[in-house]
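Descriptive structure summary
Take a look at the letters that make up each chain.
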Amino acid sequence: MRILILIAIGLLLYVIIGNLLRRNKLKSPTLLTEKMVKCQHCGLHILEQEAIQSGDAYYCSQEHLENHYQAK
Ligand SMILES: [Zn+2]
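Below: a short report on this structure. (Residues numbered from 1 in each chain as written. Predicted model: local features only at pLDDT ≥ 70, side-chain atom pairs only at ≥ 80, totals over all residues.)

Okay, the overall build of the protein chain next. Assigned secondary structure in the protein chain consists of two helices and four strands. Counting from the amino terminus, the protein chain carries its helices and strands in the arrangement α-β-β-β-β-α. Residue burial in the protein chain is summarised as follows: out of 72 residues, 7% are buried. Sequence-distant contacts in the protein chain: of pairs separated by 6 or more residues, those separated by 24 or more amount to 10%. (Helix = DSSP H or I, 4+ residues; strand = E, 2+ residues; numbered from the N terminus. Buried ≥ 20, exposed ≤ 12 C-beta atoms within 10 Å, placed from the backbone. Contact = placed C-beta atoms within 7 Å.)

Below you can see the structure in the form of structure tokens.
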């Protein structure tokens, strides 16, 4: 009977730890690498690493960067 209780506790810990690890894995990369920025020309949200930066502003494409400066 004691073995059954130990197995039950072991399974419970396995499930709890598994959930914690999975949650950490999902959370940290999205926070660290997938920062969203807004295109100053069309307002589209893109990943910072895929955006084109010009000073403090971000653009979704080279075309929008140029359009934005031409419009001024
Ligand atoms: Zn744009």
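Let's pick the thread back up.
Our focus in this paragraph is the environment of Ser61. Note on placement: Ser61 falls in the loop between strand 4 (57-59) and helix 2 (62-71). Residue class for Ser61 comes out partly exposed when judged on the 16 C-beta atoms lying within 10 Å of it. When the C-alpha atoms of Ser61 and Glu50 are compared, they prove to be 8.7 Å apart, with eleven residues separating the residues in sequence.

Let's shift gears to the nonpolar core. Among the nonpolar cores identified, the biggest contains five residues, and these are Ala51, Tyr58, Tyr59, Cys60 and Leu65. Beyond its immediate stretch of four places on either side in the chain, Tyr58 contacts Val37, Lys38, Cys39, Gln40, Ala51, Ile52 and Gln53. (Core = buried A, V, L, I, M, F, W, Y, C linked by C-beta atoms within 7 Å.)

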